[in-house]
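The chain contents come next:
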Amino acid sequence: MSTKTNTENHIANECPYNGSLPEVEVKIKLTADKIEKIDAICRSFDNDPGELINVLHETQSEFGYLPAEVQDVIAQNLRIPVAQVYGVVSFYSFFTMTPKGEHPISICLGTACYVRGSEKILEEFKKELKIEVGETTPDGKFSINCLRCVGACGLAPVVMVGERVFGRVSPEGVKQIIAEYNN
Amino acid sequence: MEMIKLTIDNKKIEVAEGTTILKAARQFGIDIPTLCHFELGDMGIENKPGGCRICVVEIEGRRNLAPSCITEVQEGMVVNTHNIRVINARRTVLELIISDHPFDCLVCAKSGQCELQHLATQLGIREIPYKGEQSTYRKDTSPSIIRDIDKCILCRRCEMMCNQVQTVGALSAINRGFMSVVAPAFEMNLEDSPCTYCGQCVSVCPTGALTEVDHTNDIIRALSDPSKTVIVQTAPAVRAALGEEFGMEPGTLVTGKLVAALRRLGFDYVFDTDFSADLTIMEEGTEFLNRIKRHMAGDTSVRLPILTSCCPGWVNFFEHNFPDLLDVPSTAKSPQQMFGAIAKTYFADKIGVNRNDLVVVSIMPCLAKKYECQRNEFKVNGNPDVDYSISTRELAAFIKLANIDFLDLPDEDFDDPLGESSGAGVIFGNTGGVIEAACRTAYELYTGKKLEKIEFEELRGLEGIRSATIDFDGLPLNIGIANGLGNARKLLDEVRAGTSNYHAIEIMACPGGCIGGGGQPYHHGNSEILRRRAAAIYTEDERKTIRKSHENPSIIRLYSEFLGEPGSKKSHCLLHTHYFPKSNEVTIHR
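Residues numbered from 1 in each chain as written. Chains lettered and ligands numbered in written order. Predicted model: local features only at pLDDT ≥ 70, side-chain atom pairs only at ≥ 80, totals over all residues. Heavy atoms only, no water.

Novice: What am I meant to see in the overall build of chain A here?
Specialist: Scanning chain A for helices and strands turns up seven helices and four strands. Secondary structure elements of chain A, listed N to C terminal, follow the sequence α-α-α-α-β-α-α-β-β-β-α. Across the 183 residues that make up chain A, the buried fraction comes to 41%. Contacts in chain A between residues far apart in sequence, at least 24 positions, make up 60% of those at least 6 positions apart. Summed over its atoms, the accessible surface of chain A is roughly 10700 Å², and 50% of this surface lies on carbon and sulfur atoms. (Helix = DSSP H or I, 4+ residues; strand = E, 2+ residues; numbered from the N terminus. Buried < 20%, exposed > 50% of the residue type's maximum accessible area, 1.4 Å probe, protein only. Contact = heavy atoms within 4.5 Å. Areas by Shrake-Rupley, 256 points an atom, 1.4 Å probe, with all protein chains shown as cover.)

Below, the structure is given as structure tokens:
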């Protein structure tokens, strides 16, 4: 053990403790009117945490998807952890965190459509647009989703683009449908 | 209360209506194995999602086996807990659970303490007939806690602790089916989540999915470096629990053996965090009295109640959840950090060692202490005041690694000068202990009179929220105490709403206080263990000759030789800190 006394551990006039938290970067900021919109939806359900699924439902129909920052605002309003909100969003396949395309394409995989070859049609859409189910094209124009029966089994196989229904679609007709929206 | 008669394993029993089959069986000494079920019954903590199905039993007249943890008893029920049908079902369930679990028990941190491993032994599982895909997930390492989700069996105990008990809300089950994992929001890392590192998730995890970051190897490296002087401090709660790891009865005090073991491990000086707990009382008590006096003189800028700030899990919690109340807690650093600051100035100068060659190690019942000692504001030019913090469990493993026969060790004393402490410093380990220690000193400093009775029994106990009014010679002071962060949140909500009538509130993040800390030996849901540890702490206090912090001779000397007065400029620099708002919000700052 050393016996020297001057080791300069004494604090000088200036206190040497000056650490701080690393700066937290705010990645995305919602505009005030969007926050107000979410607040209004939550209020319409009395900010009741038991209504989380309904709140998410309505918010998704308003925004088209549920990005992290939107879930965050909902969590604050309902006074529940955002991890729980995300738990519900990630559990139900209906909820999505990816924005839908300008023209959302839904391919019916219900029994009638399936037996009449809708899977081939889905493959064709994936090939043409170079995206997977649940994804959106880089230009934001198209997204692909699957659904189970739109109640038009007589027209099977059925594809919906937005609100419009295409019946008796063939793999060869896929290009044509895309072209119609690509102008 | 209506009583229900039923038969379990040919035993005719009578239990209260509403009792589950599991609890009824346990009341009468029949052990049904469980996995996801967890309880600290009398503390109101229970996890029973009924998900794992290990606890299934046969109820005569019913087609399916029933999970006993969530099935309530009924009049005339006949239950079989261990017939062949039940045993076969239980084994199949376990085989299926293990079929999606890694086989790296040899190198798993939880090996020997793993409930899944125990169960596999108990049920005699020798091979897994089910082959198939195994779920994999990235390993997430934070400053205190490692998440190794491959080992998660989705019992949801951590989620229950994090959400219901602690109301931290860092963890939730996400995704579905085979893709299900327990994770923070948006699968971010724990470090970016509102996690407080209280470690209660780790203390209830049945497997190695949640464990502490082990710093033992860093300490071994420091101990084998001849250029370093390595000193150690041990927190109050460690001495009341370490013995359990060596087969001693819960509640056995092992202070003397603990000191002896640390000396044999090669630490140059063995000191006591109880010393800096006394120092905390000097600083926090003075701050408290100042705030009270200013408040009584009509100064409206002073905030009351004052909140204790010894617990780093609690500090993280209010930084995340109450960023608007950062001026309410005491500015006093925790005993761990006060020790580090004094060790690397006052003590380093005494022994003539530069702070960069002095390694300060802490033994803590806590995982949040690992994060705390890494905080930037506790470093000087990048050199931390406390270099490494290890838990009671890590120390036990270290002692075993060094082949030290713990039970055979003599009792030894702490070194001077940072090893001398009062009974007030010891009781910091129990919920209510910090505020009792503060009252012992604050009463005498405020009234100028000697305390007739040192024990403040009204501040003791294990209930989640307690309150008492202490008579400071005509001045009634309302004291609040909370243990467990969910209970803390209730008191903090009152403070925020302006309805709190407390003058001072003590908060400890873990149920029971530090004795139930996230770094303590696993209690496996036995709350009697916590009770015995608490009793041991009070016994240690009673055995001390000095029981008030301001009468600790080493503390008196520290002030006269070095610090001056409590609250002096030097004290403020070394022993006080400030807090940072850590927004709970992921991305939005309104």
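Novice: Just to check I follow, could you spell out the overall build of chain B for this structure?
Specialist: When you go through chain B residue by residue, the secondary structure sums to 18 helices and 22 strands. The principal-axis extents of the C-alpha atoms in chain B amount to approximately 80 × 55 × 55 Å. Here chain B holds 590 residues, and 64% of them are scored as buried. Restricting to contacts in chain B with at least 6 residues of sequence separation, those with at least 24 account for 74%. Counting every atom, chain B has about 22100 Å² of accessible surface; 49% of that belongs to carbon and sulfur. Treating the 63 positive side-chain charges of chain B as one cloud and the 78 negative ones as another, the clouds have centres 3 Å apart. (Lys, Arg positive; Asp, Glu negative; His and termini not counted. Charge placed at Lys NZ, Arg CZ, Asp CG, Glu CD.)

Novice: Would you explain the domain arrangement of chain A in this entry?
Specialist: A common way to state how big an interface is: give the accessible area lost once the parts meet. When its domains are assigned, chain A resolves into domain 1 (32-91) and domain 2 (103-181). Taking only C-alpha atoms into account, the centre of domain 1 of chain A sits 30 Å from that of domain 2 of chain A. (Domains from an automatic or database assignment.)

Novice: Hey, could you run me through the domain arrangement of chain B in this one?
Specialist: Residues and elements named next belong to chain B. Domain annotation for chain B reports domain 1 (3-82), domain 2 (98-213) and domain 3 (217-575). Computed from C-alpha coordinates alone, the two centres of domain 1 and domain 2 are separated by 26 Å. Residue-level contacts link eleven residues of domain 1 with 13 residues of domain 2. Buried surface at the junction of domain 1 and domain 2, summed over both partners, amounts to about 980 Å²; 74% is from carbon and sulfur atoms. The three residues of domain 1 that bury the most area against domain 2 are L35, F38 and N47, which together make up 51% of that side's buried surface. Joining domain 1 to domain 2, the criterion identifies zero salt bridges. Linking domain 1 to domain 2 there are four residue pairs in polar contact (both at pLDDT 80 or more). Ranked by residue count, the leading element in the side of domain 1 that touches domain 2 is strand β4 (residues 45-47), at three residues. Looking at the side of domain 1 that touches domain 2 residue by residue, the classes come out as seven nonpolar, three polar and one charged. (Buried area = accessible area lost by both parts, 1.4 Å probe. Salt bridge = Lys/Arg side-chain N within 4 Å of Asp/Glu carboxyl O. Polar contact = N/O pair within 3.5 Å; in protein donor to acceptor, adjacent residues only side chain to side chain. Nonpolar A, V, L, I, M, F, W, Y, C, P; charged D, E, K, R; others polar.)

Novice: Just to check I follow, could you spell out the nonpolar core for this structure?
Specialist: General note: in soluble globular proteins, nonpolar side chains tend to be found buried as a group. Residues and elements named next belong to chain B. Counting residues in hydrophobic clusters, the biggest one holds 73 residues, and the most contacted among them are L242, L262, F267, W314, L395, I399 and F406. No other element matches helix α7 (residues 255-265), which puts six residues into this core. Two domains each put at least three residues into this core: domain 2 (98-213) and domain 3 (217-575). Those residues in contact with L242 that sit more than four places away from it in its chain are V254, L258, T392, L395, A396, I399 and F406. (Core = buried A, V, L, I, M, F, W, Y, C linked by side-chain atoms within 4.5 Å.)

Novice: What is the right way to read the sheet that holds strand β20 (residues 465-472) of chain B from this model?
Specialist: The strands that make up a sheet pair up through hydrogen bonds in the backbone, lying either parallel or antiparallel. All names here are of chain B. Spatial strand order, β15-β22-β21-β20: four strands in an open sheet with mixed pairing. With one partner strand each, in any of the chains shown, β15 (306-307) and β20 form the two edges of the open sheet. Pairing between β20 and strand β21 (residues 475-483): eight bridges, direction antiparallel. The partner of T469 across the bridge, within β21, is N478. Running over the sheet, helix α15 (residues 485-497) touches β15, β20, β21 and β22 (504-508) and is turned about 140° from β21. (Pairing = 2+ DSSP bridges. Axes fitted to C-alpha atoms, helices over the stretch in contact; angles between N-to-C directions.)

Novice: Help me understand the packing of aromatic side chains in this model?
Specialist: Two aromatic rings are characterised by how far apart their centres lie and by the angle between their planes. All names here are of chain B. Summed over the entire model, instances satisfying the criterion amount to 17 aromatic pairs over all chains. Relative to F347, the ring of Y269 lies with its centre 5.0 Å away and its plane at 85°, an arrangement referred to as edge-to-face. With Y269 in strand β14 (residues 269-272) and F347 in helix α10 (residues 335-351), the pair connects residues that are 78 residues apart, well separated along the chain. Of the two residues, Y269 and F347, both sit in the buried class. Plain terms: the ring middles of W314 and F318 are 5.0 Å apart, the flat faces sit at 70° to each other, and that makes the pair edge-to-face. (Phe/Tyr/Trp six-rings, centres within 6.5 Å; stacked < 30°, edge-to-face > 60°.)

Novice: How should I be thinking about the pattern of salt bridges in this particular structure?
Specialist: When charged atoms on two side chains of opposite charge get close, those side chains can pair. Residues and elements named next belong to chain B. In the structure shown here, the tally under the stated rule is 52 salt bridges over all chains. For D473, the salt bridge identified is with K449, shortest N-O distance 2.7 Å. One end of the pair, D473, is in the loop between β20 and β21; the other, K449, is in the loop between α14 (433-447) and β20, with 24 residues separating them in the sequence. Owing to a relative accessible area of 42%, K449 belongs among the partly exposed residues under this scheme. Note that E457 and K453 form a salt bridge whose closest N and O atoms lie 3.6 Å from each other.

Novice: Please explain the pairing of strand β1 (residues 103-108) of chain A as it appears in this structure.
Specialist: For a regular strand, side chains alternate in direction, first toward one face of the sheet and then toward the other. Residues and elements named next belong to chain A. Most of β1 is tucked away, with five of its six residues classed as buried. Bridging between β1 and strand β2 (residues 142-147) involves six bridges; their strand directions are parallel. In the sheet register, C108 faces β2, and the bridge partner there is L147. Bridge count between β1 and strand β3 (residues 159-161): three bridges; the pairing is antiparallel. Each residue of the ladder has a partner; that of I105, found in β3, is V161.

Novice: How should I be thinking about helix α2 (residues 84-99) of chain B in this particular structure?
Specialist: Along an α-helix, residues three or four positions apart point the same way, because every turn accommodates 3.6 residues. Residue and element names in this part refer to chain B. Under the 1.5 Å per step criterion, the end-to-end length of α2 is 22 Å for 16 residues, consistent within 8% with the ideal 22 Å. Buried residues of α2: V86, R90, V93, L94, E95, I97, I98 and S99, and no others. As for α2, its buried residues are in contact with β5 (56-59), β7 (78-80) and α3 (115-122). (Expected span 1.5 Å × (residues − 1).)

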